[in-house]
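Single-letter residue listing:
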Amino acid sequence: MIDAKIMQVMPYVCFILDILLTIYSVIWFLKPFIKRYRDAVYIGLVYFFAVLLFGLIPPKIGKTAMYCLGAAAVLIAMCIFDRRNYRQKVFLILLFLSIVQLASALADILYDYTYSMAQKISVISQNNNKVLWTTLYILMCIFYLLVKFSILLIGIQFITKEYICKNTELMTKELFMLSVFPLIGIGGYFVMQYYRIFYIIKEGTLSAKIDLVSLFFYAMLLIGMAVSLILYQSIKAEQEERMQDRLLAGQIKDMKHHIAHVEELYGGIKGLKHDMANHIATLEKLYAGKGTKEADAYAARLKASLADAAGSIRSGNPVTDVVLSEQKNEAEKKGICFYCDFHYPVGSCIEAFDISIILNNALSNAIEYADAQNGKKKYISLRSYRKNNACMIEVQNSFSGQVKIEADTGLIQTSKEQGLHGYGLVNIRRTAEKYYGDIDITQKDGTFCLTVMLMME
């Protein structure tokens, strides 16, 4: 009763539409995990041509094999266009393939039962009009595509929303943990579809029991994938919180040390002030007795004592003086030239504690980067200046390597070994945001530069 030409053409039309909608899903799914949007588009085109090749050119293969080969092509393309975090790419492909197959399986079941019920409607079942039956067939094909891609897009939206740590390096153990449900979904889809089709061919009708079991199986898999992803994110959040607590504890310890150092300096200055009258009287007697040589030597020793008490760096605040002096000493021990032109923003709302967090983290990172350099002059340059109503702090250091900057955060992409480095920059940014500012990282001609902006009012 259905037009023969439509019956021949429609499967190919549905196949092409299926691929085109899947391309859109691939691009939308991968966009948050790929550096550049155009690379996600290229990967979507790779999927299109791969599935088109495997699906239309003889020998024809099954739908499952076609999806798997298409997913393999996408994985290879992802690794070529974006050469980082390969384990995450493997997980993403397994997850996407599983969701595509589950969406296809659910759409198949809904399509079969909806089509079966529509055919039993008296208006249709008692009418042999070819146009009516052909229209019903076309509408059901559209229904299938709508159901499949509604499920697929809902799943993708959930993943992109819940997968918060998109740029975090995925460890091997985490890959195995997260891949359990997607792999069960891929294998389970093949098994459930095999038995379902086998029963339909053998009995010539649908099996409500098999379909109910299939629906329960697919629902449990989708729930399992969602729960495992949420648990993974909560574990990463707890790890980040512990790391921040560890870093904060270290900073509090440093601040206690700085305060003790400031108190020591203050005590030395207070002692010098107390003895200053005696020193002046001694110098007067030496000069009056024409002991110029002895007076000059005494004055030189007094000047040296004053310099030691005051410190070699005078930034305008005793806390930052201590921080900078200690970082300078640490740098010079490692053969790193330290240039400082930092001035504390006196009279602003910026607290010395927050400035010390920025300087400690920024200079510690700069010392580590500069010290890792071989065969070239090692240096660190620190300066501050005012730009309109903003206090700008700029830390430059020599660095012969290359770090990867995350496009969405503007921070350094860190591995597990570089975790504290990454959290140090996070703390600098959080401190800057407290004063409605931000940070900027640039690399050029063997120089790494961190710029911090703080609004002074």
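Residues numbered from 1 in each chain as written. Predicted model: local features only at pLDDT ≥ 70, side-chain atom pairs only at ≥ 80, totals over all residues. Heavy atoms only, no water.

A. Examining the overall build of the chain more closely. Assigned secondary structure in the chain consists of twelve helices and five strands. Within the chain, the fraction of its 457 residues that count as buried is 43%. For the chain, the share of sequence-separated contacts (at least 6 apart) that also reach a separation of at least 24 residues comes to 71%. Element-wise, carbon and sulfur atoms account for 63% of the exposed surface of the chain, whose accessible area totals about 25,000 Å². (Helix = DSSP H or I, 4+ residues; strand = E, 2+ residues; numbered from the N terminus. Buried < 20%, exposed > 50% of the residue type's maximum accessible area, 1.4 Å probe, protein only. Contact = heavy atoms within 4.5 Å. Areas by Shrake-Rupley, 256 points an atom, 1.4 Å probe, with all protein chains shown as cover.)

B. A look at unusual backbone geometry. Backbone geometry places Asn-388, a non-glycine residue, at a positive phi of 55 degrees. Mapped onto the elements, Asn-388 comes out in the loop between β2 (379-387) and β3 (390-398). Residue classification places Asn-388 among the exposed residues on the basis of a relative accessible area of 70%.

C. Representation of the sheet that holds β2 in the model. Pairing is mixed in the open sheet, where five strands are placed in the order β1-β2-β3-β5-β4. Only two strands of the sheet have a single neighbouring strand rather than two, namely β1 (337-341) and β4 (438-444). Neighbour-to-neighbour, the strand axes of this sheet turn through a mean angle of 15 degrees, independent of strand direction. Where β3 meets strand β5 (residues 447-455), nine bridges bridge the pair, whose relative direction is antiparallel. By the bridge assignment, Cys-391 is partnered in β5 with Leu-454. Along the sheet face, helix α11 (residues 352-371) touches β1, β2, β3 and β5 and points at about 20 degrees away from the line of β3. (Pairing = 2+ DSSP bridges. Axes fitted to C-alpha atoms, helices over the stretch in contact; angles between N-to-C directions.)

D. Structural context of the confidence of the model for the chain. Of all residues in the chain, 83% attain a pLDDT of 70 or more, and the chain-wide mean is 81. By mean pLDDT, helix α5 (residues 122-125) is the weakest element of the chain at 66, and β3 is the strongest at 93. A low-confidence stretch, residues 416-421 stays under pLDDT 50, and its non-local contacts, those more than four residues away or across chains, total eight contacts. (pLDDT = per-residue confidence, 0-100.)

E. Structural detail: the pattern of salt bridges. According to the stated counting rule, one finds eleven salt bridges in the structure shown. Measuring nitrogen to oxygen at the nearest pair gives 3.4 Å for the salt bridge that ties Glu-174 to Lys-236. Residue Glu-174 is located in helix α7 (residues 172-203), and its partner Lys-236 is located in helix α8 (residues 208-288); the two are separated by 62 residues in the primary sequence. Classification of Lys-236 as buried rests on a relative accessible area of 12%. A salt bridge links Arg-196 to Asp-211; the nearest nitrogen and oxygen atoms lie 2.5 Å apart. Separated by 15 residues along the polypeptide, Arg-196 in helix α7 and Asp-211 in helix α8 bring together distant segments of the chain. With respect to class, Arg-196 is no different from Asp-211; both count as buried. (Salt bridge = Lys/Arg side-chain N within 4 Å of Asp/Glu carboxyl O.)

F. Expanded view of the side chain of Ser-207. For Ser-207, the position within the fold is in the loop between α7 and α8. Note on Ser-207: relative accessible area 11%, which makes it buried. Within the structure, Ser-207 has its side chain in polar contact with the backbone nitrogen of Ile-210 (distance 3.3 Å). Excluding anything up to four places from it in sequence, Ser-207 contacts Tyr-113 and Tyr-199. (Polar contact = N/O pair within 3.5 Å; in protein donor to acceptor, adjacent residues only side chain to side chain.)

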